[in-house]
Amino acid sequence: MILKNKRILIAGHKGLVGQAIHRKLVSEGYLNLLLADRETVDFIRREQLDDYFAEKNPEIVIITAGKVGGIGANKAFPAEFLYQNLLIWGNLIDASARFSVEKLIYLGSATVYPENAQVPLKEEYLLSGPFEPNVEPYALAKLNAIKLCENYYRAYGKNFIPLTLANLYGIGDHFNTNTSHVIPSLITKFHLAKALDLQEVEVWGSGSATRDFLNVDDLSDAILFALNSIDAGSIFDSGISHLNVGSSSETSIKQLAIQVAEAVDYSGKILFDSTKPDGAARKFLDTSRINALGWSPRISLSEGLNTTYDWFLSHAEVK
């Protein structure tokens with residue numbers, strides 16, 4: 001059990017996940033929180049990060065920082081997605097090891113699984129085939145961070161826990177039709193179409209690809225559960241490198257688009273542009289391991305989309 005007076009560093013506290021875990025920890029009475037993003041300390045610069053760790057002496061580290069985006073952003077900036085994330089995550093994990101952090105949570109992504117891996121995706125399928133090409137740079141950086149956590153455990157017994165996540169969404173997301181992930185991008189598109197009285201909305205891809213959409217508030221529950229109830233040995237000593245955290249539901253992009261339209265109350269036509277990439281045909285995580293340990297999601301997709309759209313109406317800047 002993590003004591004509530006522990007110094008907990010949330011690296012990347014202004015992002016979607018950082019905001020959610022901050023809300024969760026405050027609501028649960030964890031008040032000794034260290035909040036840092038690239039404006040506080042440049043995670044890419046090792047010396048700056050060392051100075052920060054020496055001054056603040058975090059006891060728990062949760063890594064939510066990183067360069068993120070959808071397929072379009074990955075295709076536009078592949079070098080940046082690989083290089084910057086390698087440095088950010090590598091530096092944070094290494095500093096946590098050198099400054100004797102008691103426990104670390106690293107958040108991975110389902111992109112680390114091979115493009116043609118059997119679905120649902122089990123932890124054992126890691127490194128069993130090539131990545132999906134459109135997100136390979138990001139996936140490579142994620143894989144390196146997962147393996148870095150594992151090897152710091154194997155070499156030095158560090159209690160560093162990698163969690164591999166489904167597609168995230170929720171309040172606090174980044175809404176942009178060009179660079180956002182699929183849910184905030186679709187919310188923005190349908191909202192603008194409704195506001196402009198457009199009769200149709202175009203969605204990238206055929207609509208047949210399936211994904212696993214996890215509400216970020218469910219994720220914050222899972223992170224707190226991992227902090228209090230999971231140790232690195234229970235993962236790495238069982239022959240795997242990470243734990244899956246997902247919604248336990250598989251949803252096609254077509255189904256998602258229909259549900260987003262319902263949440264936004266848009267009644268026009270939805271057109272799917274099959275000339276645009278679908279990405280991997282299926283991405284759906286097997287969450288049986290973490291479910292067996294005692295955690296499961298509680299927020300349905302329809303409930304989560306309604307809550308997210310309500311937040312969008314009062315907070316988001318449409319681009």
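Owing to the predicted nature of the structure, the values given are computational and were not obtained by experimental measurement.

### Some remarks on helix H9 (residues 253–264)
Working step 1: Its twelve residues place the ends of H9 16 Å apart at the C-alpha level, agreeing with the 16 Å of an ideal helix rising 1.5 Å per residue.
Working step 2: For H9, the full list of buried residues reads Ile253, Leu256, Ala257, Val260, Ala261, Ala263 and Val264. All buried residues of H9 lie within an arc of 160 degrees about the axis, which places them on one face of the element.
Working step 3: One or two residues past the end of H9 sits Asp265, with phi positive at roughly 65 degrees.

### With respect to the side chain of Asp212
Working step 1: Inspection of the secondary structure puts Asp212 in the loop between strand E8 (210–211) and strand E9 (213–215).
Working step 2: Ignoring anything within four residues of it in the chain, the contact list for Asp212 reads Ala166, Asn167, Gly246, Ser247, Ser248, Ser249, Lys283, Phe284 and Leu285.

### Quick notes on the pattern of salt bridges
Working step 1: On inspection of all chains with the given rule, the structure shows 22 salt bridges.
Working step 2: Between Arg45 and Asp42 there is a salt bridge; the shortest N-O distance is 3.4 Å.
Working step 3: As a salt-bridge pair, Arg289 and Glu124 come within 2.6 Å of each other at their nearest N and O atoms. In this pair, Arg289 sits in helix H10 (residues 288–293) while Glu124 sits in the loop between strand E4 (103–109) and helix H5 (136–156), placing the two residues 165 residues apart along the sequence.
Working step 4: One connected set of salt bridges, linked through shared partners, spans Lys6, Arg7, Glu59 and Glu102.

So, how was this worked out
Residues numbered from 1 in each chain as written. Predicted model: local features only at pLDDT ≥ 70, side-chain atom pairs only at ≥ 80, totals over all residues. Heavy atoms only, no water. Helix = DSSP H or I, 4+ residues; strand = E, 2+ residues; numbered from the N terminus. Expected span 1.5 Å × (residues − 1). Buried < 20%, exposed > 50% of the residue type's maximum accessible area, 1.4 Å probe, protein only. Arc of directions from axis to C-beta. Contact = heavy atoms within 4.5 Å. Salt bridge = Lys/Arg side-chain N within 4 Å of Asp/Glu carboxyl O.

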